[in-house]
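Below, each chain spelled out in residue letters.
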Amino acid sequence: MSIAALRDENERLKALLTQTQAALSEHQGALAASEEARRRLEIILGELRRDRFGAKSEKLRPDQYHLPLEDVEIAQGILDAAQERAEAAIQGRSRNAPDHGSHRNRGCLPVHLPRVERIIEPVSTLRAVAAP
């Protein structure tokens, strides 16, 4: 090879190197921009997750503000019932004695009603008996 051919080859390689370096710097810039965009999207996604699943998602709706008051009312009802039982015990009535207002007829059917006794066996025992 001649010196002129080597100089031409050298110039061509320098131009190719310059183009390659320019393309590399352009790709590095695009990569940096895409990394910045990815980072911003991760921040936005993190904020959306916190908004949806974080402590803010457990805020009470306006119609739920009265729920703690219901607990107070239930506790007050329990205290009132305990106070009534205590007053009844003080007045001499026993705890087991039924109230005069709560007469129930449980277990005592009138005599004129017919009594029918039926024995209902579970299906599993019927199959066991029928199988042999």
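Residues numbered from 1 in each chain as written. Predicted model: local features only at pLDDT ≥ 70, side-chain atom pairs only at ≥ 80, totals over all residues. Heavy atoms only, no water.

(A) Focus on the overall build of the protein. From N to C terminus, the protein includes three helices and zero strands. Helices (α) and strands (β) of the protein occur, in sequence order from the N terminus, as α-α-α. Evaluated residue by residue, the protein yields a buried proportion of 2% over its 132 residues. Here the protein has roughly 12,900 Å² of accessible surface; of this, 59% comes from carbon and sulfur atoms. (Helix = DSSP H or I, 4+ residues; strand = E, 2+ residues; numbered from the N terminus. Buried < 20%, exposed > 50% of the residue type's maximum accessible area, 1.4 Å probe, protein only. Areas by Shrake-Rupley, 256 points an atom, 1.4 Å probe, with all protein chains shown as cover.)

(B) Just the pattern of salt bridges, in detail. Per the counting criterion, the structure on display carries five salt bridges. Glu9 serves as the salt-bridge partner of Arg12, at 2.6 Å between the closest nitrogen and oxygen. With Arg12 and Glu9 both in helix α1 (residues 3-53) and three residues apart, this pair spans about one turn of that helix. Since its relative accessible area comes to 46%, Arg12 is described here as partly exposed. Residue classification places Glu9 among the partly exposed positions, given a relative accessible area of 28%. For Arg38, the salt bridge identified is with Glu35, shortest N-O distance 3.0 Å. Highlighted residues: Arg38 and Glu35, both in helix α1, separated by three residues, approximately one helical turn. Here the salt bridges do not stand alone but share partners, grouping Glu35, Arg38 and Glu42 into one network. (Salt bridge = Lys/Arg side-chain N within 4 Å of Asp/Glu carboxyl O.)

(C) Molecular detail of a nonpolar patch on the surface. Among the surface-exposed residues, Leu41, Ile44 and Leu48 lie close enough to one another that they form a single nonpolar patch of about 310 Å² accessible area. By the element assignment, Leu48 lies in helix α1. (Patch = residues over 30% accessible without salt bridge, like charges linked within 9 Å, V, L, I, M, F, W, Y side chains within 5 Å.)

(D) Local environment of the confidence of the model for the protein. Across the protein, pLDDT averages 78, with 73% of residues at or above 70. When pLDDT is averaged over each helix and strand of the protein, the minimum, 66, is found for helix α3 (residues 123-130) and the maximum, 89, for α1. (pLDDT = per-residue confidence, 0-100.)

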